[in-house]
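Descriptive structure summary
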Amino acid sequence: MQIIKCFEDIESLQDNKIIGGENITFNNSEIRFSGKGNILFCEKDVKLNGSQLKFFGDGCVVFLSSNSHCYYLDVSVYKNSVFYMGKNNYINGAIHAVLSEQKNIIIGNGNLFSFGVWLRTADPHLVYSTQTKKRINPSKSVFIGDHVWIGQGAMLLKGTRISSGSIVGAMAVSSGKKIPSNTSWAGNPAKQIGEGVFWSRESVHMWDDEETAAHEEFSSDKYVYKYTENEHIAFEGIDKALSGKTPEEKLEYLKGLRKNRNKNRFSENFQPVKKGFFGKR
């Protein structure tokens, strides 16, 4: 095992790569490699705070985009998997992520993560049908679009796909849910409780009456997302593009994804639920 705790340690790294290591700020953080052919790619302004990035097996890629906020990460990535975080995601407490069975976690830009959020691509133990004896719990990738708010203690499990502009409430558990843009979900299992909603980053903790009154309305539709064919990037298309590629090929694809600035790239309608507490039709 190779352990990296500061920029100087990178010089001793063998069989693995840290690209952009000079851009990393280490604060009580470490990177562990147990394998070879793994790549950690960091853009400028990557600040690791109380973080652990653990590479198990070979051929993994972790891509950390520029961020005006600190990264609080506890990530375990196993053989041939990809963990990608877009730019300027705000993380209140450590994101715990486990990437298994060659599946991926892809996270867009400008998201808000509360405390104690978990992301997992596998169960991870095997479940079989008593009748057919065939496995019925395959691992699946997890996708989060742009400007998504994930509440405290939420668990996003295998196959979860969250489109841009949505909200997942505190303690919600999502497994395989396809969450449309600008909807609100809560509960265990997570269910849609609202549609036609969006959220803004301002925090109300210290507000007085005047500040509350000043925010009764929002003046633009910057956080309203709509499926647009010529901008859309299908989540399953990302999985397909990464499958069977070398770590270097995966990295080049992720660089292209990072450069895509289309607002509605991760906007999806899926099958909207008509009932809800907000935005009734």
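The sections below set out a description of the structure shown in this document. (Residues numbered from 1 in each chain as written. Predicted model: local features only at pLDDT ≥ 70, side-chain atom pairs only at ≥ 80, totals over all residues. Heavy atoms only, no water.)

1. Re the nonpolar core
Note that soluble globular proteins tend to have their nonpolar side chains buried in a common cluster. With 44 residues, the main nonpolar core has I31, L40, L64, L73, F83 and M85 as its most contacted residues. If we skip the residues at most four places from it in the chain, I31 touches Q2, I3, I4, I18, I24, F26, L40, L48, L53 and F55. With 16 residues, the next largest nonpolar core counts V61, F63, F143 and L257 among its residues. (Core = buried A, V, L, I, M, F, W, Y, C linked by side-chain atoms within 4.5 Å. Buried < 20%, exposed > 50% of the residue type's maximum accessible area, 1.4 Å probe, protein only. Contact = heavy atoms within 4.5 Å.)

2. Describing the sheet that holds strand β11 (residues 90-91)
Spatially, six strands are ordered β11-β14-β17-β20-β23-β24 in an open sheet, and the strand pairing comes out mixed. Here the strands that pair on one side only, and so sit at the sheet edges, are β11 and β24 (191-195). Inspection of the sheet shows β11 paired to strand β14 (residues 112-113) by two bridges, in the parallel sense. Across the sheet, the residue bridging to Y90 is L112, located in β14. (Pairing = 2+ DSSP bridges. Helix = DSSP H or I, 4+ residues; strand = E, 2+ residues; numbered from the N terminus.)

3. Considering the packing of aromatic side chains
Tallied over the full model, the rule gives nine aromatic pairs. Taken together, the ring pairs in this structure connect F41, F63 and Y84 into an aromatic cluster. Positioned above the aromatic ring of Y225 is the side chain of K263, whose terminal nitrogen or guanidinium carbon lies 5.5 Å from the ring centre. (Phe/Tyr/Trp six-rings, centres within 6.5 Å; stacked < 30°, edge-to-face > 60°. Lys NZ or Arg CZ within 6 Å of the ring centre and 35° of its normal.)

4. A word on the side chain of N111
As for its placement among the helices and strands, N111 is situated in the loop between β13 (105-107) and β14. Accessibility expressed as a relative area gives 0% for N111, which makes it buried. Of note is the side chain of N111, whose polar atom sits 2.9 Å from the side chain of N89. Once residues within four sequence positions are removed from consideration, N111 is found in contact with N88, N89, Y90, I144, G145, D146, H147, V148 and R201. (Polar contact = N/O pair within 3.5 Å; in protein donor to acceptor, adjacent residues only side chain to side chain.)

5. Regarding the pairing of strand β23 (residues 183-186)
Successive side chains on a regular strand alternate, one facing one side of the sheet and the next facing the other. Sheet analysis places strand β20 (residues 167-168) next to β23, joined by two bridges and oriented parallel. The partner of V168 across the bridge, within β23, is W185. Turn length for the β23-β24 hairpin, with the two strands adjacent in sequence and antiparallel, is four residues, and the turn residue G187 shows positive phi of about 100°.

6. What about a negative patch on the surface?
Together, D208, D209, E210 and E211 make up a region of like negative charge exposed at the surface. Topologically, D208 is positioned in the loop between β24 and α1 (209-214). Under the relative-accessibility criterion, D208 is labelled partly exposed at 41%. (Patch = residues over 30% accessible without salt bridge, like charges linked within 9 Å, V, L, I, M, F, W, Y side chains within 5 Å. Areas by Shrake-Rupley, 256 points an atom, 1.4 Å probe, with all protein chains shown as cover. Salt bridge = Lys/Arg side-chain N within 4 Å of Asp/Glu carboxyl O. Lys, Arg positive; Asp, Glu negative; His and termini not counted. Charge placed at Lys NZ, Arg CZ, Asp CG, Glu CD.)

7. Details of the sheet that holds strand β18 (residues 155-157)
Read across the open sheet, the eight strands follow the order β1-β4-β7-β9-β12-β15-β18-β21; overall the sheet is mixed. Edge strands, defined here as strands with exactly one partner in the open sheet, are β1 (2-4) and β21 (173-175). Strand-to-strand twist in this sheet, taken as the mean axis angle between neighbours without regard to direction, amounts to 5°. For strand β4 (residues 30-34) and strand β7 (residues 52-56), the ladder comprises five bridges, and the chain directions are parallel. Bridging from a neighbouring strand, S34 pairs with F56 of β7. (Axes fitted to C-alpha atoms, helices over the stretch in contact; angles between N-to-C directions.)

8. Let's talk about the pattern of salt bridges
Applying the stated rule across the entire model yields ten salt bridges. Note that K54 and D74 form a salt bridge whose closest N and O atoms lie 2.9 Å from each other. Residue K54 is located in strand β7, and its partner D74 is located in strand β9 (residues 73-77); the two are separated by 20 residues in the primary sequence. The exposure class of K54 is buried, given its relative accessible area of 16%.

9. Quick notes on the layout of surface pockets
Reported here for the largest pocket is a volume of approximately 620 Å³. What lines the largest pocket is a set of 19 residues, and nearest its centre among them are S200, R201, E202, S203 and V204. The space that makes up the second largest pocket amounts to roughly 340 Å³. Of the residues in the lining of the second largest pocket, the class split is two nonpolar, six polar and seven charged. (1 Å grid on protein atoms, 1.4 Å probe; cavity = no way out; pocket = protein on both sides within 12 Å on 5 of 7 lines; lining within 4 Å. Points joined across faces, edges and corners; volume = space filled by probe spheres on them. Nonpolar A, V, L, I, M, F, W, Y, C, P; charged D, E, K, R; others polar.)

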